[in-house]
Amino acid sequence: MAEMKILAVSGLVVFCLQIQGCSNSETGQQTSVFQKVPEIAEIKPQKPVKIKMKRNAKGDYSWELTGDDTDKVIEVDKRLKRSLDG
């Protein structure tokens, strides 16, 4: 029973210390220290270029490229042409 009281009191002390840590003003008003940064919310991971290769009866290759970044799609297309033509 005494262990429960010690645990409850220590938990209360830790909780009170954390509440004081959320305050950044000297008047004691509770304001959040954390702020929302819009630049971070707008960053999205880039999706890779997807390649769907096809081969016809003559043995020639063709492909379909899909992706969000046009420059990367063009770069992948050039690399495929160089590797298959050479």
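Quick notes on the rules
Residues numbered from 1 in each chain as written. Predicted model: local features only at pLDDT ≥ 70, side-chain atom pairs only at ≥ 80, totals over all residues. Heavy atoms only, no water. Pairing = 2+ DSSP bridges. Helix = DSSP H or I, 4+ residues; strand = E, 2+ residues; numbered from the N terminus. Buried < 20%, exposed > 50% of the residue type's maximum accessible area, 1.4 Å probe, protein only. Contact = heavy atoms within 4.5 Å. Salt bridge = Lys/Arg side-chain N within 4 Å of Asp/Glu carboxyl O. Expected span 1.5 Å × (residues − 1). Arc of directions from axis to C-beta.

Draft legend 1. Expanded view of the pairing of strand E2 (residues 61–66). In this structure, strand E1 (residues 50–55) lies alongside E2, joined through 6 bridges in antiparallel fashion. Paired with Met-53 across the bridge in E2 is Trp-63. The hairpin turn running from E1 into E2, its antiparallel successor, is 5 residues long, and Gly-59 in that turn takes a positive phi close to 95°.

Draft legend 2. Representation of the environment of Met-53 in the model. Within the secondary structure layout, Met-53 lies in strand E1. Under the relative-accessibility criterion, Met-53 is labelled partly exposed at 41%. Residue contacts for Met-53: discarding those within four places in its chain leaves Tyr-61, Ser-62, Trp-63 and Leu-84.

Draft legend 3. Spatial organisation of the pattern of salt bridges. Overall, the coordinates contain 2 salt bridges when judged by the stated rule. Note that Lys-54 is salt-bridged to Glu-64, the shortest N-O span being 2.7 Å. Placement of the pair is Lys-54 in strand E1 and Glu-64 in strand E2, with a sequence separation of 10 residues. We note a salt bridge from Lys-81 to Asp-77, for which the minimum N-O separation is 3.5 Å. With Lys-81 and Asp-77 both in helix H3 (residues 70–85), this residue pair falls 4 residues apart, about one helical turn. A relative accessible area of 22% places Asp-77 in the partly exposed class.

Draft legend 4. Local environment of H3. The first and last C-alpha atoms of H3 sit 22 Å apart over 16 residues, in line with the 22 Å expected at 1.5 Å per residue. Of the positions making up H3, those classed as buried are Val-73, Val-76 and Leu-80. What you see down the axis of H3 is that its buried residues fit within an arc of 65°, all on one side. Opposite its buried face, H3 presents the exposed residues Asp-71, Lys-78, Arg-82 and Asp-85, each directed more than 90 degrees away.

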